[in-house]
Amino acid sequence: MRTGTETVTATPHSDVDDAMSATLLRESVLAARRAARNAAEVLGPEGYTLDEWLVLDVLGAGDGLTMSQLREAVLADKATLGRRVDDLLTKALVYREVDGFDRRVIRVYLSSRGRDVLSRLTARLAQG
């Protein structure tokens, strides 16, 4: 309950701030969509998806991640990530191992072939 002597201070907020925030959000989303489309155009002919490259790239930066860690890093849902990792397993680009300390935990690693493919794809993405 407030007394008559209390004052409430509000953070100044304006319609201009809202418009600038909305514009920045829109431009960021559109830039991300353009980048994803361009990446897909580069990766598709190579036989890979953007999600697959993201998984490879994350593993290249920090190998031996759990599926939960991978899911958080690539912002994918559990089912989608599971399919992408399965696809990469089939292509012999990654492999799974049981954790040495907790046998319930499965870790995903980049294979040597996966490192080569990641390097090639990353170079292609940088070019085009």
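Refer to the structure printed above.
Please read these numbers as outputs of a predicted model, since none were measured by experiment. (Residues numbered from 1 in each chain as written. Predicted model: local features only at pLDDT ≥ 70, side-chain atom pairs only at ≥ 80, totals over all residues. Heavy atoms only, no water.)

1. Comments concerning helix 2 (residues 50-61)
Taking 1.5 Å per residue as the helical rise, helix 2 with its twelve residues ought to reach 16 Å, and the 16 Å between its terminal C-alpha atoms agrees with that figure. Every buried residue belonging to helix 2 is among Glu 52, Trp 53, Val 55, Leu 56, Val 58 and Leu 59, and all of these are buried. (Helix = DSSP H or I, 4+ residues; strand = E, 2+ residues; numbered from the N terminus. Expected span 1.5 Å × (residues − 1). Buried < 20%, exposed > 50% of the residue type's maximum accessible area, 1.4 Å probe, protein only.)

2. As for the nonpolar core
Ranked by internal contacts, the top residues of the largest apolar core, which has 24 residues, are Val 55, Leu 56, Leu 59, Leu 70 and Val 94. Breaking this core down by element, the ones donating at least two residues are helix 1 (15-43), helix 2, helix 3 (67-74), helix 4 (78-90), strand 3 (106-110) and helix 5 (112-127). Broken down by element, this core gets its largest block of residues, five residues, from helix 2. (Core = buried A, V, L, I, M, F, W, Y, C linked by side-chain atoms within 4.5 Å.)

3. Comments concerning unusual backbone geometry
In this structure, Leu 75 is a non-glycine residue whose phi angle is positive, near 55°. Structurally, Leu 75 is set in the loop between helix 3 and helix 4. If you check the backbone angles, Ala 92 has positive phi at about 60° while not being a glycine. Take Ala 92: it is sitting in the loop between helix 4 and strand 2 (94-98). Relative accessible area serves as the criterion here: at 38%, Ala 92 is assigned to the partly exposed category.

4. A word on the side chain of Glu 52
For Glu 52, the location among the structural elements is in helix 2. Setting aside its immediate chain neighbours within four residues, Glu 52 contacts Gly 47, Arg 84, Asp 87, Leu 88 and Lys 91. (Contact = heavy atoms within 4.5 Å.)

5. Points about the side chain of Thr 66
Take Thr 66: it is sitting in strand 1 (residues 65-66). When near neighbours in sequence (up to four residues on either side) are disregarded, Thr 66 contacts Val 105, Ile 106 and Arg 107.

6. Here we look at the sheet that holds strand 2
Adjacent strands of a sheet pair through backbone hydrogen bonds, lying either parallel or antiparallel. Spatial ordering of the open sheet is given by 1-3-2, a layout of three strands whose pairing is antiparallel. One side of each edge strand has no neighbouring strand; the edge strands of this open sheet are strand 1 and strand 2. One ladder, built from five bridges, connects strand 2 with strand 3; its direction is antiparallel. Paired with Val 94 across the bridge in strand 3 is Leu 110. The sheet strands contacting helix 2 are strand 1, strand 2 and strand 3, and the helix crosses strand 3 at an angle near 95°. In this fold helix 4 packs onto strand 2 and strand 3, with an angle of close to 110° to the strand it touches most, strand 2. (Pairing = 2+ DSSP bridges. Axes fitted to C-alpha atoms, helices over the stretch in contact; angles between N-to-C directions.)

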